[in-house]
Amino acid sequence: MRELTYVARRTVDWREAPDPKPRSDGEAIVAPVAATPCDVDSAILAGRGFLDPPFALGHECVARVVDAGDAVTAVAPGDLVVVPWSINCGTCDRCRAGLTAHCAAVPYMAMYGAPIGGTWGGLFSDLVRVPYADAMLVPLPAGLDPVAMASAGDNWSLARRLVAPHLQARPGARVLVVARGSIGLYVCDIARALGASEVLYVDPEPEHRAIARGYGASTAESLDPLPQGFEIAVEATGRVDQLALTVKCLAPEGVCESAGNHFRPGELPLLDMYLTGVTLRIARDNVRAHLPDALQLAASGKVAPEKVVSHVLDWEDLPTALPERHLKPVFVRNEA
């Protein structure tokens, strides 16, 4: 089989690898049918990551099950499934507590699309081994488009987690979104659908702001750091200076979720945060724990994740098209 490999800044290519086989009766083999780059993949392709190439890339996809061990009961060959980005067993204490990004049964940070916590391959591959099929794979609900939900294994479900619990605790809250990619746009859609009284989306890209306005958000090219009284804020830029501005815009006892991958150091206004009583969370997402609720929201008809998809491209175009600067391209495989 082939796996798409990151080899240098803005350079990827197909490399041959052995076809994966189930190593136990609880494993499955899947074939991605709609895969998309995560926002962090864009940073990696731009040369801003912290890992040296080469390595197999990709950790967001909807896939078709092609083989499953005898002990697998949740899915069967032929099923369309969402593949979560992190490797998790589903049975250790952390997984049972919902901390699936911190599974104790696998090496620390085990994931697809980056050689940390072991080598698990990437989801821009012709075939992928799923070591804990019942724990990891989630059937795609009937009626949901694999292209629209290609990001469900990370960014879409993450976006719901960033804002939904806080709006449940603070109905009608004002929400600030400071972003550069798909996560922030998904947040705009979800926040409005779940009853935010106002959503302000801040992004220098005019095309991104147009999508946000389509979700009912007001928009700005840059952020005025004056106190603006937002109860909830989401920062997804990967830039500490933008995170600093974001927390300054919170109301007293406001909450900020940072989904940016902060590869570079910076300073936060800790005294301002102390005086305001800010709650700040910076974290990878325990996506498997949130996937069922995220898919239920997607199936409700209240949201439109398909609006964030910028291009639908052929699987064979991955080496040439992935390094290009697109918001959220989805690469689709012909299953015929």
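Structural data are supplied above this passage.
Peer 1: Quick one: what's the story with the pattern of salt bridges, residue by residue and with numbers?
Peer 2: When the charged atoms of two side chains lie near each other, side chains of opposite charge can form a pair. Following the criterion strictly, the structure yields 13 salt bridges and no others. With a shortest N-O distance of 2.8 Å, Lys328 and Glu60 are connected by a salt bridge. In this pair, Lys328 sits in the loop between helix H10 (318-321) and strand S16 (329-332) while Glu60 sits in the loop between strand S4 (55-56) and strand S5 (61-68), placing the two residues 268 residues apart along the sequence. The same class applies to Lys328 as to Glu60, namely buried. With a closest N to O distance of 4.0 Å, Asp272 and Lys248 form a salt bridge. Within this pair, whereas Asp272 is found in helix H8 (residues 270-276), its partner Lys248 is found in helix H7 (residues 240-248), the two being separated by 24 residues in sequence. On the basis of relative accessible area, Asp272 is assigned to the partly exposed category, the value being 35%. A residue is classified by how much of its surface remains accessible, and Lys248, at 35% relative accessible area, is partly exposed.

Peer 1: Tell me about the side chain of His59, and name the residues and values.
Peer 2: Counting through the fold element by element, His59 comes out in the loop between S4 and S5. Polar side-chain contacts of His59 include one of 3.0 Å to the side chain of Asp154. Those residues in contact with His59 that lie beyond four places of it in its chain are Cys38, Val40, Asp41, Trp85, Met111, Tyr112, Leu123 and Asp154.

Peer 1: Would you mind going over the environment of Arg15 in detail, with residue names and values included?
Peer 2: Within the secondary structure, Arg15 sits in strand S2 (residues 11-16). With a relative accessible area of 37%, Arg15 lands in the partly exposed category. In sequence terms Arg15 and Leu291 are 276 residues apart; their C-alpha atoms lie 31 Å from each other. Among all residues touching Arg15, those that are not within four sequence positions of it are Met1, Arg2, Glu3, Thr5, Val7 and Pro54. Side chain to side chain, Arg15 and Asp13 meet in a polar contact 3.3 Å long.

Peer 1: I'd like a rundown of the sheet that holds S2, residues and numbers included.
Peer 2: Here we have 3 strands laid out as an open sheet, ordered S2-S1-S4, and antiparallel in their pairing. In the strand order of this sheet, the two ends are held by S2 and S4, each with one partner. Bridge count between strand S1 (residues 2-8) and S2: 6 bridges; the pairing is antiparallel. Within S2, the position partnered with Glu3 by the bridge is Arg15.

Peer 1: Can you tell me about the side chain of Glu27, naming the residues and giving the values?
Peer 2: As for its placement among the helices and strands, Glu27 is situated in the loop between S2 and strand S3 (28-35). With a relative accessible area of 7%, Glu27 lands in the buried category. Among the polar contacts listed, one links the side chain of Glu27 to the backbone nitrogen of Arg23, at a separation of 2.8 Å. In this structure the side chain of Glu27 is engaged in a polar contact, spanning 2.7 Å, whose partner is the side chain of Arg129. Residues contacting Glu27, with those up to four places away along its chain left out, are Lys21, Pro22, Ala68, Gly69, Val72, Arg129, Val130, Pro131 and Ala133.

Peer 1: Give me the lowdown on the layout of surface pockets, citing residues and values where you can.
Peer 2: Here the largest pocket defines a volume of roughly 1000 Å³. The wall of the largest pocket is formed by 38 residues, among which Asp39, Ser42, Arg48, Arg180 and Gly181 lie closest to the centre. Those elements that place two or more of their residues in the lining of the largest pocket are helix H1 (39-45), helix H5 (182-193) and helix H6 (206-214). Considering each element in turn, the lining of the largest pocket owes the most residues, 5 residues, to H1. Classifying every residue of the lining of the largest pocket by side-chain character gives 17 nonpolar, 11 polar and 10 charged. Together, 33 residues line the second largest pocket, and Val40, Met111, Asn261, Phe263 and Arg284 are the ones closest to its centre. Of all the secondary-structure elements, those providing two or more residues to the lining of the second largest pocket are H1 and helix H4 (155-169). At 4 residues, H1 tops the list of elements feeding residues into the lining of the second largest pocket. Looking at the lining of the second largest pocket residue by residue, the classes come out as 18 nonpolar, 9 polar and 6 charged.

Parameters at a glance
Residues numbered from 1 in each chain as written. Predicted model: local features only at pLDDT ≥ 70, side-chain atom pairs only at ≥ 80, totals over all residues. Heavy atoms only, no water. Salt bridge = Lys/Arg side-chain N within 4 Å of Asp/Glu carboxyl O. Helix = DSSP H or I, 4+ residues; strand = E, 2+ residues; numbered from the N terminus. Buried < 20%, exposed > 50% of the residue type's maximum accessible area, 1.4 Å probe, protein only. Polar contact = N/O pair within 3.5 Å; in protein donor to acceptor, adjacent residues only side chain to side chain. Contact = heavy atoms within 4.5 Å. Pairing = 2+ DSSP bridges. 1 Å grid on protein atoms, 1.4 Å probe; cavity = no way out; pocket = protein on both sides within 12 Å on 5 of 7 lines; lining within 4 Å. Points joined across faces, edges and corners; volume = space filled by probe spheres on them. Nonpolar A, V, L, I, M, F, W, Y, C, P; charged D, E, K, R; others polar.

By themselves, these observations are geometric and do not establish any function.
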